Amino acid sequence: LFSLLCLFYSATPLLTVAQVRPLVNRANDSTQNIRPVRNPLQGIKPSPLDTLKGGAPLDTLNLKMSEDLKDVINYSANDSIVTSVDSKIVRLYGGAKIIYGEIELEAEEIVIDYNTNQLHATGHLDSLGRRVGFPIFKNGDEVYETKDITYDFITKKARIKEVVTEQGDGFLHGETVLKNERDEILSVDNSYTTCNLAHPHFRIRSSKTKAIPDDKIVSGPFHLEILDVPTPLGLPFGMFPAPKKSASGIIMPTYGEEARRGFYLRQGGYFFDLNEYIKLRVTGDLYSKGSYGLNVNSNYSVRYRYSGNFNISMTRNRLSEKIEDPTVSTDYQISWSHAPQTRGTGKFTASVNAATSSFTQNNYLGVNYDLNSSNLDNTTRKLSSSLSYTKQFGKTPFSMGVSARHNQDLQTKLVDLQLPDFYATMRSIYPFKKASNKEVLNKLNLRYNIKGSNRITNRYNDPAGLVRDSIIPFGMETLPRFFEDANKGMRHTIPLSTSFKLWKFNVSPALNYEEKWYFDKLDWSMNQAGTLPIITDTIPGFNRVIDYSGSVSFNTRIYGTYLFEKGKVQAIRHVINPSISYNYQPDFSSPEFDYYQKFQLPSGNEVFKSRHQGYVYGSASLGEAQSIGLSINNTLEMKVLDTSDSTSESKKYKKVPLIKSFGLSSAYNFVADSFNLSNISLRANTSVFQNKLNINLTGAIDPYIWMVDSTGTRFDGEKIIYQHRVNEFAFKSGQGIGKFNRAVLSLSTNFNPKKREQEESTRSKILNSQLSEADKMWLLNNPDSYVDFSIPWSLRVNYNLSYSKTGFAAPKVTQSMTVSGDLSLSEKWKIGFRSGYDFENGDFTQTNFNISRDLHCWEMNMNWTPFGRFTSYNFMIRAKSALLQDLKVNRRRSFFDY
């Protein structure tokens, strides 16, 4: 209670730094109206003398200023200036402005009295009885918005009525304020609030106060008032420090109770104000059943250079209440975010988020979690981190970058580190752009890229396939082994391409040269039974893997239109985009390259084993390739009468897409000894029900047949089918063109019409872009990657069905559905939710509801997880201002039941 009441006086002094703008919103005040504040310097030409209306020079009046005035009074007015020589009084009307040293004043009417060395400023009533032209008084860094003001140039004392001044995020209203020559502020009948209305919703009222700049604030009796109703919350007096700068101090903990860990004191500790660049917060958690936690958070910022935050969390949770079996779990989590603010050619960025595998299981990360620490929640399965430095070398085409990356699966406990990755690149250059007028040379472009990587993982993968993949515990004891077994290498690529037109075709020839560098290679030999090649040795030493290929592609566009003589449909247009390409690649499995070792199996079959199997950039391509690729993409749309515009005399038509995209692609390798035809890939995208439902489908057809050799049972009881693919087309056996081995169906809709229009526009841009087909399909299947939900209301439903099958093996089907949205019941009320259903596990995913109410200067929020392991709720009403962060009512409950 004491801290709540003390917030009347924040850490910043009274009547200090403020911004030159309207301090309060008087839109709802029918009796008073503060006009927008302009820069007092705007339009002023400082001069000790001004000009009377009518053109008479002011110096002819010979007004003598007081000798005590140390600076010249510069003044101006938009309407008129009236001067009385006898009384030595100057009256300024209409947008009057005065500059005297550090004093700046703008008001509708200002009177300067040279006899008393005082000025008086006020506004006036307009034709509707509203007061306009409130004085805006600025004394150095101090800014006041007042009803009227009287100021003495000599003593620097001021008397101000109905003053409003901004104090950080809050506003100070004073009925009568006196300022003395020491800049001390004495006020009577004043109030403090964070509400920016002329008549605020709440305020903390005090009978009298005295503020000593950069020192302290002394107050008489004060109390809290809500909607003009006084409350008994108050104190008879108060004295509080009021420095401008931040300071170190104690952080009071929150308290409550959990079902699993008992009563708690949370987030209590100490704030260290190390300097103006670095702030440090150390907090801890204590639970009555023996658990505890420690959190260290640091924020840093150097203006115009960089900013970031760093956080380390440690928790020790007692998972069992049995004294004889005190099961304990110790977990850690680290996060670091760093962003540059410079526009230079070199930039360093960091986004680190790592944790022990059980951190999200043993620590509730919902509405009670510290938002500064990370973006984790209890459904998080994968974590990733990256550190990178990029450098662009001036206006040259060269750039480079170094990075370190981390990927972690909390469920499988798999950890992958890329430590480090680096690249250097030369962007496309056109060496003959100005040297030749021929199109084929003019468009010839050359690039160069080099990339290196050192990958570390705790997955044990036997290249021979004798041992199943296993995960080795990741820790300081096993880390040296992981570095020793790191997968490292370098790759150079030099692509060369051009394009030109030939008849109706766009022709694009290209050459690609690639070279990989490794520091050892594998040596294979047959096992003792002579039935399987296994790795027997790793031969150290630098070796290169060369790979090169060439291609040429032809693409064009074919239009077909069918016109209707009657009806609303005027025409249907079919657009076909065929593309044919030829690709050549030599056989790098020849003995002279020494990239592969060939073995003869007892069955008579030959197998090739790569000396770089599982290496970071792989090996050279196996076998010669001379293939023709075919890709056909179709769009179908119709032109119909637009009946929405009934006022137009002429007929208007609109385009309605029937099929936005439908295509297939495949390739045929002429020199392959078997399976010359690759899988047939299919893709389709359209919208139905007047673009209310978007449908996206991708799949692949295997054109060959499969045969079963035998069946068996694995050591863990799983049934195994031994089968092989037969080099015979499925249509020859009456099985059609083949069988689907992969299909993905995605259905999505947003019931907000404006949002659907935006999404449709985005899909069209994706389909018409120059992205690869794989990238297009990924974006279409992941609408959340480009959809913005910041709209008045939204209801989005996504359904995904995935099917995969290899030969006669049992098909694998996965389904998922997510539903999310929000609804504004009014301008100030909003309800949101997110949920989903896991069809594979037959259960709902974590479901959350939230309700918020904007109370202008207050806000109400409720977050609720109604069921599941992390069932919880959090209800809060609080003042929006960070200065009044303790002025709140909070009720929350968390459950940690297994």
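What counts as what
- Residues numbered from 1 in each chain as written.
- Predicted model: local features only at pLDDT ≥ 70, side-chain atom pairs only at ≥ 80, totals over all residues.
- Heavy atoms only, no water.
- Helix = DSSP H or I, 4+ residues; strand = E, 2+ residues; numbered from the N terminus.
- Buried < 20%, exposed > 50% of the residue type's maximum accessible area, 1.4 Å probe, protein only.
- Contact = heavy atoms within 4.5 Å.
- Core = buried A, V, L, I, M, F, W, Y, C linked by side-chain atoms within 4.5 Å.
- Patch = residues over 30% accessible without salt bridge, like charges linked within 9 Å, V, L, I, M, F, W, Y side chains within 5 Å.
- Areas by Shrake-Rupley, 256 points an atom, 1.4 Å probe, with all protein chains shown as cover.
- Salt bridge = Lys/Arg side-chain N within 4 Å of Asp/Glu carboxyl O.
- Pairing = 2+ DSSP bridges.
- Phe/Tyr/Trp six-rings, centres within 6.5 Å; stacked < 30°, edge-to-face > 60°.
- Lys NZ or Arg CZ within 6 Å of the ring centre and 35° of its normal.
- pLDDT = per-residue confidence, 0-100.

Participant: Help me understand the overall build of the protein chain, please; the structure alone is not making it clear to me.
Facilitator: Within the protein chain, the secondary structure is distributed over 6 helices and 55 strands. Classification of the 898 residues of the protein chain by burial places 36% in the buried group. By sequence separation, contacts in the protein chain at least 24 residues apart represent 52% of the contacts at least 6 residues apart.

Participant: Can you help me understand the nonpolar core in this one?
Facilitator: Grouped together as the largest cluster of nonpolar side chains are 28 residues, with contacts concentrated most on Ile73, Tyr75, Leu92, Ile98, Leu105, Ile110 and Ile112. Of all the secondary-structure elements, those providing two or more residues to this core are strand 3 (89–100), strand 4 (103–113), strand 5 (118–122), strand 10 (148–152) and strand 11 (158–167). In this structure Ile110 touches Val90, Arg91, Leu92, Ala96, Lys97, Ile98, Leu105, His120 and Ala121, once residues within four positions along its chain are discounted. Counting 13 residues, the second largest nonpolar core, distinct from the first, contains Tyr518, Trp524, Val545 and Val616.

Participant: Is there a simple way to think about unusual backbone geometry in this case?
Facilitator: What you tend to see is this: most non-glycine residues have negative phi, and most peptide bonds are trans. Cis geometry marks the peptide bond from Leu419 to Pro420, where omega comes out at -5°. Inspection of the secondary structure puts Pro420 in strand 29 (residues 414–429). One non-glycine residue with positive phi stands out, namely Gln267, at about 55°. Following the sequence through the fold, Gln267 ends up in strand 21 (residues 262–273). Take Gln267: its relative accessible area is 26%, and that puts it in the partly exposed class.

Participant: Would you mind going over the environment of Ser804 with me for this structure?
Facilitator: Inspection of the secondary structure puts Ser804 in strand 48 (residues 794–804). For the pair Ser804 and Ala743, spaced 61 residues apart in sequence, the C-alpha separation works out to 6.5 Å. Not counting residues up to four positions away in its chain, the partners in contact with Ser804 are Asn741, Arg742, Pro811 and Lys812.

Participant: Mind showing me how you'd approach a nonpolar patch on the surface here?
Facilitator: Side chains of Leu502, Trp503, Phe505, Phe554, Ile580, Tyr582, Tyr584, Ile628, Leu630, Tyr668, Phe670 and Val671 sit close together on the surface and give an oily, nonpolar patch of about 1100 Å² of accessible area. At 3 residues, strand 38 (residues 569–585) tops the list of elements feeding residues into the nonpolar patch. Of note, Tyr584 is situated in strand 38.

Participant: I'm lost on the pairing of strand 40 (residues 606–610) in this one. Help?
Facilitator: Side-chain positions along a regular strand alternate between the two faces of the sheet. Two strands pair when backbone bridges link them, and strand 39 (residues 596–600) and strand 40 are joined in this way by 5 bridges, in the antiparallel orientation. The residue bridging Phe599 from the neighbouring strand is Val607, located in strand 40. Two successive antiparallel strands, strand 39 and strand 40, enclose a turn made up of 5 residues, where Gly604 displays a positive phi of approximately 100°.

Participant: Looking at this structure, I do not really get the environment of Ser627. What am I missing?
Facilitator: Inspection of the secondary structure assignment puts Ser627 in strand 41 (residues 625–641). On the basis of relative accessibility, which here comes to 13%, the residue Ser627 falls in the buried class. Counting along the chain gives 42 residues from Ser627 to Gln585, while the straight-line C-alpha distance between them is 8.9 Å. Ignoring sequence-local partners within four residues, the contact set of Ser627 consists of Ser581, Tyr582, Asn583, Tyr668, Asn669 and Phe670.

Participant: What am I meant to see in the packing of aromatic side chains here?
Facilitator: Here the distance between the centres and the angle between the planes together describe a pair of aromatic rings. Under the definition given, this model contains 22 aromatic pairs. Pairwise contacts between aromatic rings join Tyr548, Phe588, Phe593 and Tyr595 into one cluster. Against the face of Tyr264 rests Arg266, its NZ or CZ located 4.0 Å from the ring centre. Taking the ring centre of Tyr430 as reference, the NZ or CZ of Lys433 above it sits at 5.7 Å.

Participant: How do you make sense of the pairing of strand 29 when you look at a structure like this?
Facilitator: Note: strand 28 (residues 398–409) against strand 29, 11 bridges, orientation antiparallel. Bridge assignment links Val402 to a residue of strand 29, and that residue is Phe422. Across 10 bridges, the pairing between strand 29 and strand 30 (residues 445–457) is antiparallel. Bridging across to strand 30, Asp421 finds its partner in Ser453.

Participant: Sorry if this is basic, but what is going on with the confidence of the model for the protein chain here?
Facilitator: For any part of a model where pLDDT is low, the fine detail of the predicted coordinates should not be relied upon. Taken residue by residue, the protein chain gives an average pLDDT of 76. The fraction at 70 or more is 77%. Scored below 50 in pLDDT, residues 366–379 makes 39 contacts in the model with residues more than four places away or belonging to other chains. When the criterion is pLDDT under 50, residues 783–790 qualifies, and its contacts beyond four places in sequence or with other chains add up to 22 contacts.

Participant: Would you take a moment to explain the pattern of salt bridges for this structure?
Facilitator: Oppositely charged side chains can form a pair if their charged atoms are brought close together. A complete count under the given rule lists 10 salt bridges for this structure. Glu225 is the salt-bridge partner of Arg205, the closest N and O atoms lying 3.6 Å from each other. Of the two residues, Arg205 is situated in strand 14 (residues 202–212) and Glu225 in strand 16 (residues 222–226); the sequence distance between them amounts to 20 residues. Judged by relative accessible area, Glu225 falls into the buried class, the value being 5%. The closest approach of N and O atoms between Arg611 and Asp594, which form a salt bridge, is 3.0 Å. Of this pair, Arg611 sits in the loop between strand 40 and strand 41 while Asp594 sits in the loop between strand 38 and strand 39, placing them 17 residues apart in sequence. Take Arg611: its relative accessible area is 9%, and that puts it in the buried class.

Participant: Is there a simple way to explain the environment of Val402 in this structure?
Facilitator: In this fold, Val402 is placed in strand 28. Sequence-wise, Val402 and Lys391 are 11 residues apart; in three dimensions their C-alpha atoms are separated by 9.1 Å.

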